[in-house]
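Architecture at a glance
Take a look at the letters that make up each chain.
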Amino acid sequence: MVTDTAPGRGLAQQRFTTFENRLRPLLASRVAARGDVDPLVSALIADTAPAVRATLLDRARKLIDQSEGYSDAAVNAALAAVDRHDPERSARAVPGAKYLSPSVVTDEVGAGHINRDTQDTVIVEGEYYVPVYVAVMDEALGSTPKFKDVRQDEHGIVQIHTGGTRSDDSVMWFSFGQALRQLKWMAKYQKQKESAQPLIRSFLAPQVVVNKISGGMITERDAGGSTADINVDKRFAPNQIGVRNPRSLEQLRQSALPGSLRTYTDLIGPAPRAWGDARPADELRAREGVPIERMVDYPIFADGGGFTDYRHLTKIATELEAILDAHASTPRNQKNDTVETFFTRHAPARFIAMGEEPGAHGIAVHEFVQQVVMPWRDRVIGDLSITDSYQQLVQSELPEQPQTVEVAGERQVLRGERRSEAAALHEDQWRHMWARAHMIRALKGFQVSSAEFAEAGKAPEGPRVLGEVQKFQKTVLGDYRHRIGDRNTLIKENPRYARIAGDLRTRLLAVLPNQPGGSPLRAVLTGLARVSLAVGGTALAKVRDRMRATRRWK
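Below is a summary of the structure that appears in this document. Since the model is a prediction, treat every value here as computed from it, not as a measurement.

Here we take up the overall build of the protein. In terms of helices and strands, the protein carries 19 helices and 16 strands. Here the C-alpha coordinates of the protein stretch approximately 100 × 60 × 50 Å along the principal axes. In the protein, buried positions account for 49% of the 554 residues. Counting only contacts in the protein whose residues sit at least 6 apart along the sequence, the fraction spanning at least 24 positions is 72%. Of the roughly 26,500 Å² of accessible surface on the protein, a fraction of 52% belongs to carbon and sulfur atoms. Each charge class in the protein was averaged separately, 75 positive and 68 negative side chains, and the resulting centres sit 7 Å apart.

Here's what the structure looks like:
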């Protein structure tokens with residue numbers, strides 16, 4: 001075994017040199033896949049002591065991260081190969097990542113404790129990103145989905161559907177950087193509707209955006225009249241948020257990294273392109289410590305259409321502990337009636353089939369207890385501890401303003417995952433999204449009511465032109481594809497809407513040229529001007545281009 005001794009370090013260096021010499025031709029081939037790099041990593045760390053193994057994997061990761069002049073696909077495949085051999089590396093302990101501490105809201109509206117904790121972090125092109133998770137009962141179909149969902153268009157742009165109306169969004173429920181609660185929602189949806197095909201969507205948003213939104217959360221207490229984002233399911237998981245603030249939703253729509261959508265599913269077979277990178281939900285379960293294999297007729301997370309409460313979870317933990325104790329105290333080659341009954345009722349089919357083989361029943365029972373009962377006992381105890389931890393949090397003194405916590409340690413990668421094309425698309429899409437958001441704010445900033453029509457009536461053509469303004473306002477605010485940031489729609493409609501707004505303003509001023517500051521039409525004219533200037537082409541718009549490039553996530 002290669003150990004952390006002088007001879008061992010010399011051998012480790014020889015291995016690393018060999019690894020580097022064999023890796024570079026693979027990276028240069030531009031078509032390197034993870035399977036090509038896997039054997040190199042296996043040879044690098046074969047028969048090494050844990051400390052040596054960790055050092056070699058860190059060095060390999062840094063070597064790949066600092067490699068330049070290779071294709072994104074080749075570098076990403078090599079990084080994925082190293083990560084596969086490093087399962088102990090936590091995505092919630094990435095050095096340099098930042099998250100917000102728990103806090104307490106003391107205002108009358110939304111008073112109470114805010115439950116925040118660490119969050120998964122991914123480094124992409126040198127920037128920290130956080131996965132944003134949402135569970136959906138089924139894929140929401142239609143051009144204007146009636147239910148919440150997240151999709152990805154043919155360009156890779158992430159589209160957030162809240163299930164609201166054509167002109168207004170509904171509350172959108174997310175989890176920032178932790179997916180355990182979404183896995184439980186998945187189980188609940190399956191219990192609520194037998195035909196449901198629940199999914200978990202996730203996309204990457206910049207850490208700075210996630211933390212800014214998280215920092216503005218209040219509780220649900222007396223918050224019905226507020227539009228602030230709310231912290232929900234606090235006793236069951238941290239980082240759970242109901243996004244109600246239109247600015248928060250807008251930030252997520254603008255900043256979602258193109259091509260980052262993942263869909264976790266239990267379905268088998270090819271997935272629609274709109275799902276992005278479709279992966280088995282078991283991958284997420286394994287990462288969150290949820291056993292893959294479930295017991296028959298023994299629900300853990302949800303039962304009867306609702307979540308399993310604390311008292312029932314305690315009962316489950318006690319029962320599973322009793323099964324483990326009974327099995328451990330039963331002499332080999334003997335049967336325990338309690339364990340046998342539990343095995344017959346709740347063991348998955350493969351264990352039942354194994355137990356029917358001659359002489360294999362005892363082995364089947366033992367493996368069921370070890371591979372299924374024990375992991376679920378541990379999971380239930382973990383879930384109970386989450387609620388217990390929150391109760392301790394409530395009893396502690398918390399700051400009114402959340403504190404920024406930075407994960408300590410040496411940053412292992414600087415650039416991280418390579419997505420140069422996505423980054424370029426992101427920048428271009430953001431400019432279209434910014435223009436669209438500016439248009440929407442401007443059009444929501446004025447109304448066309450009886451007062452405005454009365455003022456327009458001072459000129460023969462005034463009411464007719466103002467009627468066109470009113471129609472234009474409703475058209476843009478009711479353009480669902482435009483609101484969610486559909487790229488094709490933005491490219492086509494942003495310039496057209498800007499041109500129409502400018503023409504309407506010119507025509508309105510032509511028939512009603514003198515509009516003092518107190519005129520009801522002043523706000524209409526100002527709003528139309530802002531819409532027309534939202535798209536580049538005027539001197540003012542060019543100045544705004546420079547301004548927004550420096551204020552991107554602020």
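The structure having been displayed, the exposition proceeds.
Glancing now at the environment of Val-243. Along the chain, the position of Val-243 falls in strand 11 (residues 240-243). It is 34 Å that separates the C-alpha atoms of Val-243 and Glu-468, two residues lying 225 residues apart in sequence. Ignoring sequence-local partners within four residues, the contact set of Val-243 consists of Ser-170, Val-171, Met-172, Phe-174, Asp-229, Ser-248, Leu-249 and Leu-252.

On to the packing of aromatic side chains. Across all of its chains, the model carries ten aromatic pairs by this definition. An angle of 85 degrees between the planes, with centres 6.1 Å apart, marks the rings of Phe-174 and Phe-203 as edge-to-face. Here the residue Phe-174 occupies a position in strand 8 (residues 172-176), and Phe-203 occupies one in strand 9 (residues 199-206), the gap between them amounting to 29 residues. As far as burial versus exposure is concerned, Phe-174 and Phe-203 are alike and both buried.

A grouping of Asp-107, Glu-108, Asp-222 and Glu-400 is seen on the molecular surface, where their side chains present a negatively charged patch. The topology assignment puts Glu-400 in the loop between helix 12 (361-395) and strand 16 (404-406).

Looking at the secondary structure, you find Thr-121 in the loop between strand 3 (112-114) and strand 4 (122-124). At 3.2 Å, the side chain of Thr-121 and the backbone oxygen of Gln-119 are in polar contact. Once residues lying within four places of it in the same chain are set aside, the contact partners of Thr-121 are Ala-91, Val-94, Ala-97, Tyr-128, Tyr-129, Pro-131 and Gln-207.

To continue, consider helix 4 (residues 72-84). Note on helix geometry: an α-helix contains 3.6 residues per turn, so any two residues three or four positions apart are oriented the same way. Spanning 13 residues, helix 4 covers 18 Å between terminal C-alpha atoms, matching the ideal 18 Å at 1.5 Å per step. Every buried residue of helix 4 is accounted for by Asp-72, Ala-74, Val-75, Ala-77, Ala-78, Leu-79, Ala-81 and Val-82.

Turning our attention to the pattern of salt bridges. Following the criterion strictly, the structure yields 37 salt bridges and no others. Glu-68 serves as the salt-bridge partner of Arg-415, at 3.2 Å between the closest nitrogen and oxygen. Residue Arg-415 is located in the loop between strand 16 and helix 13 (420-444), and its partner Glu-68 is located in the loop between helix 3 (50-65) and helix 4; the two are separated by 347 residues in the primary sequence. On the accessibility criterion, Arg-415 (22% relative accessible area) is partly exposed. Since its relative accessible area comes to 53%, Glu-68 is described here as exposed. What you see here is one network of salt bridges that share partners, running through Asp-58, Arg-61, Asp-83, Asp-86 and Arg-89.

With that settled, consider the nonpolar core. Counting residues in each nonpolar core, the largest one holds 38 residues, and the members touching the most others are Met-295, Ile-300 and Phe-368. With nine residues, the single largest contributor to this core is helix 12. Contact partners of Ile-300, with chain neighbours within four places excluded, come to Met-295, Thr-308, Leu-313, Ile-316, Trp-376 and Val-380. Listed in part, the 28 residues of the second largest apolar core include Val-105, Val-158, Met-217 and Val-243.

Relative to the helices and strands, Ala-278 resides in strand 13 (residues 277-280). Take Ala-278: its relative accessible area is 36%, and that puts it in the partly exposed class. C-alpha of Ala-278 to C-alpha of Leu-508: the two residues are 230 residues apart in sequence and 52 Å apart in space. Non-local contacts of Ala-278, meaning those with residues more than four positions away in its chain, are made with Thr-263 and Ala-271.

Basis of the calculations
Residues numbered from 1 in each chain as written. Predicted model: local features only at pLDDT ≥ 70, side-chain atom pairs only at ≥ 80, totals over all residues. Heavy atoms only, no water. Helix = DSSP H or I, 4+ residues; strand = E, 2+ residues; numbered from the N terminus. Buried < 20%, exposed > 50% of the residue type's maximum accessible area, 1.4 Å probe, protein only. Contact = heavy atoms within 4.5 Å. Areas by Shrake-Rupley, 256 points an atom, 1.4 Å probe, with all protein chains shown as cover. Lys, Arg positive; Asp, Glu negative; His and termini not counted. Charge placed at Lys NZ, Arg CZ, Asp CG, Glu CD. Phe/Tyr/Trp six-rings, centres within 6.5 Å; stacked < 30°, edge-to-face > 60°. Patch = residues over 30% accessible without salt bridge, like charges linked within 9 Å, V, L, I, M, F, W, Y side chains within 5 Å. Salt bridge = Lys/Arg side-chain N within 4 Å of Asp/Glu carboxyl O. Polar contact = N/O pair within 3.5 Å; in protein donor to acceptor, adjacent residues only side chain to side chain. Expected span 1.5 Å × (residues − 1). Core = buried A, V, L, I, M, F, W, Y, C linked by side-chain atoms within 4.5 Å.

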